[in-house]
Structures are given as structure tokens and as C-alpha cells.
Amino acid sequence: MYKEKIVIKVGTNVMTNKDNRIVRPVLRRLVRQIAELYERDIITVLVSSGSVIAGKEVLGNCDIKDKTQRRQVYSAIGQPRMMRLYYNIFHEYGMKCAQVLPTKRDFSPGIHRQNMINCCEGLLSEGVIPIANEDDAVSVTMSMFSDNDELASLIAQMLDADKLIILTDIDGLYDGHPQDEDSDVVKNVKPSENLNSYIDDGNIENKKGRGGMGSKLKYAQITAANNIPTFIANGKRDNTIIDIIEGRSVGTKVALEKEEA
Ligand SMILES: Nc1ncnc2c1ncn2[C@@H]1O[C@H](COP(=O)(O)OP(=O)(O)O)[C@@H](O)[C@H]1O
Ligand SMILES: N[C@@H](CCC(=O)OP(=O)(O)O)C(=O)O
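All figures in this text were calculated on a predicted structure; none of them were measured in a lab.

1. Thoughts on the UniProt feature "binding site: ATP" (unreviewed entry) in the protein chain
Those residues carrying the UniProt feature "binding site: ATP" (unreviewed entry) are K9, T168 and D169 in this numbering. The largest pairwise C-alpha distance within this set of annotated residues, which runs over 161 residues, is 12.1 Å, so the set is compact in three dimensions. Its 25 C-beta neighbours within 10 Å are what place T168 among the buried residues. Setting aside residues up to four positions removed in sequence, T168 forms contacts with G11, N13, V14, K216, I232, N234 and G235. Following the sequence through the fold, D169 ends up in the loop between β5 (163–168) and β6 (188–189). Dropping the residues within four chain positions of it, D169 is found in contact with N13, V14, N234 and K236.

See below:
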């Protein structure tokens, strides 16, 4: 019914500045491109991180010592804040959005998975953009995704998307340390290639989000192996999504077939 159905994942690092504040123009640029695609009959499912950092904006430091409980609390506070931001911006563009908060259980074969499919397909059929995030408030241990890169990959596969675009704060996968002058963005990657030696996620404990580039590469390769071309690209740049859709060489493309250089 639409010409194309794509899944876009936006990470915490994309939407925050160095002071960990959410940067509204970044969200506005993202929604502007989703609205432009909608006019071209391309519908988007958005997977957005940000609830934990948004909760920190509201609450500041908190006294809860347990890490899991702290994440639950920050996220429960921050998720409606994220949705208010998105709701208002989509509204400015004359569009509607909706919140979908799955846990990993919702992807096990059976009724939960079918409920998810029904909900997402129903929203899309009404021209409403589903905005998914892990339900961090209740998802702990067994029901947790490794991060939203995994959630985005599962949604793309579940809905048989035409493309998955993983937006982060860097131009793509680099073939060495990203800050090293000799490192370049790897343009094309196959699902079977082992490029783990390129990954340098450092001290993951101190990160704002959860995933790291290792996770993006892993889930991009899993998604691409299921015949869904997947892009890892810079969401801080102005027109990244439109450039990818129009076939320009942007970021790292992970796909079964490599493009000619
Ligand atoms: N080989 C690599 N190429 C690009 N980025 C890398 C690489 N190794 C590690 N990284 C790190 O991965 C980060 C992006 O992942 P992450 O922090 O999870 O972002 P997000 O919040 O967008 O999910 C980059 O900012 C970069 O520091
Ligand atoms: N679900 C969490 C984000 C988890 C996550 O995967 O973060 P990121 O690596 O920034 O995409 C949140 O909304 O804060």
C-alpha cells in the first residue's frame, strides 16, 4: 500500500549535546525528513532511544543506588517527555505519531508477536508513525533487548521493511579508531564479514546510550542477512535519510550484494 516501508533508529548520542541535553533541532530535522518521505509515499517506523537521558534532564542526579531501578525510574519519567517532543514536532508537520513500547517477549512466536504486528500495521494503515522504544520501565533481565539496535532489527524483520537506517553520531563504521587520521568510513559491508577488529567501544559503562558500534554492526549484519539493506549513518548531519533514500553514498551500507566502487 505504500511504495516503501522503512525503519529508522535514532540513538541517544544523535539527539544530545556534550552536556547531555536533548537538542530539539536534531529531532526536528529527523521528523522533517520523515514527513518528506511520507509525501513520497514512503512510510517510516521510528525506533527512538532517549527516554533515560530525558529522565535525567527532568530529575537530575538521583539517590537510587541500584542501576536497574535507576534506569527504570529515569526511563519512566523520560519516555513521556520524549513523546511530548515528538508529538509536537509531528503535529507541526501535520502528521500523527504513536507510542509502541515492546519488550523482548513481544517478539517470541505466538500471540504477543501477532499483537505487535497488528498494532504496527494498523498504525501504518492509518498513516500514523509508530515510535518504538524498549519498555525500559518494566523490561529487566530476561525481557531486555541488548539495546535499541536489536529492537530496530527485530521490527524491520517483523514488518518485512525495505530498509533499516541506524542513525548515530558518527559517519559510519570506521576501519580503525574513528579519531585516527588514517581511518576511513567503510562504505560497503557484507553480512558474513568479520570486522570486529575495527570496533573500539571503550568503556561502555560510561556511555550515554547502551549499544556501541559493535552492536550496530552485529544487528546491521543480521538484518541484512535477511535481505533488508541496512545503513549506519550520521544522524547529526542535515539530510542523511533523504540522501540514503535517493541512493547517494552515505555512511556504511550493509547488504547481501556489495555495490560497485
Ligand atoms: N570502528 C568504529 N567506527 C565508528 N564508530 C566507532 C567505532 N568503534 C567504536 N565506535 C564508537 O561507536 C559510537 C556510536 O555508538 P553509540 O555510542 O552506541 O551511539 P548511539 O547512541 O547512536 O546508539 C561512536 O560515537 C564511536 O565512538
Ligand atoms: N531505551 C533506552 C536506550 C537504549 C539504547 O539502545 O541506547 P542507544 O545505544 O543510544 O540507542 C532509552 O530510551 O534511553
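2. Here's the deal with the sheet that holds strand β4 (residues 128–132)
Pairing is mixed across the open sheet formed by eight strands, whose spatial order is β3-β4-β2-β1-β5-β7-β8-β6. Sheet topology places β3 (96–100) and β6 at the edges, where each strand pairs with a single neighbour. Here five bridges tie β3 to β4, and the two strands are oriented parallel to one another. Note that in β4 the partner of Q99 across the bridge is I131. Sheet strands touched by helix α2 (residues 24–39): β1 (4–10), β2 (42–48) and β4. Its angle to β2, the strand with the most contacts, is close to 155°. Each of β1, β2, β4 and β5 touches helix α6 (residues 148–158); the most contacted strand, β1, lies at about 175° to it.

3. Quick look at the UniProt feature "binding site: substrate" (unreviewed entry) in the protein chain
Here the UniProt-annotated "binding site: substrate" (unreviewed entry) positions come out as S49, D136 and N148. Spanning 100 residues, the named residues nonetheless gather at one spot, since no C-alpha pair among them exceeds 10.6 Å. Mapped onto the fold, S49 is located in the loop between β2 and α3 (51–59). Judged by the 28 C-beta atoms lying within 10 Å of it, S49 is buried. Mapped onto the fold, D136 is located in the loop between β4 and α6. Excluding its chain neighbours within four sequence positions, the residues that come into contact with D136 are S51, V52, R71, Q72 and S75.

4. Comments concerning the confidence of the model for the protein chain
When pLDDT is averaged along the protein chain, the result is 95; 96% of the residues meet or exceed 70. Per the prediction output, this complex has pTM 0.96; the corresponding ipTM is 0.97.

5. Overview of the packing of α2 against helix α4 (residues 67–92)
Geometrically, a packed helix pair is captured by the angle between its two axes and the distance between the axes. The geometry of α2 relative to α4 is characterised by a closest axis approach of 10 Å and an angle of 50° between their N-to-C directions. Accordingly, the angle class assigned to the pair α2 and α4 is oblique. Crossing geometry of α2 relative to α4 is assigned as right-handed. Residues R24, L27, R28 and V31 of α2 form the contact with α4, whose participating residues are L85, Y86, I89 and F90. Here the residues of the contact of α2 with α4 are counted per class, giving six nonpolar, no polar and two charged.

Rules behind the numbers
- Residues numbered from 1 in each chain as written.
- Chains lettered and ligands numbered in written order.
- Predicted model: local features only at pLDDT ≥ 70, side-chain atom pairs only at ≥ 80, totals over all residues.
- UniProt positions renumbered as here; feature names shortened; annotations may be inferred.
- Buried ≥ 20, exposed ≤ 12 C-beta atoms within 10 Å, placed from the backbone.
- Contact = placed C-beta atoms within 7 Å.
- Helix = DSSP H or I, 4+ residues; strand = E, 2+ residues; numbered from the N terminus.
- Pairing = 2+ DSSP bridges.
- Axes fitted to C-alpha atoms, helices over the stretch in contact; angles between N-to-C directions.
- pLDDT = per-residue confidence, 0-100.
- Parallel < 35°, antiparallel > 145°, perpendicular 65-115°, else oblique.
- Left-handed = near helix turned anticlockwise from the far one by under 90°.
- Nonpolar A, V, L, I, M, F, W, Y, C, P; charged D, E, K, R; others polar.

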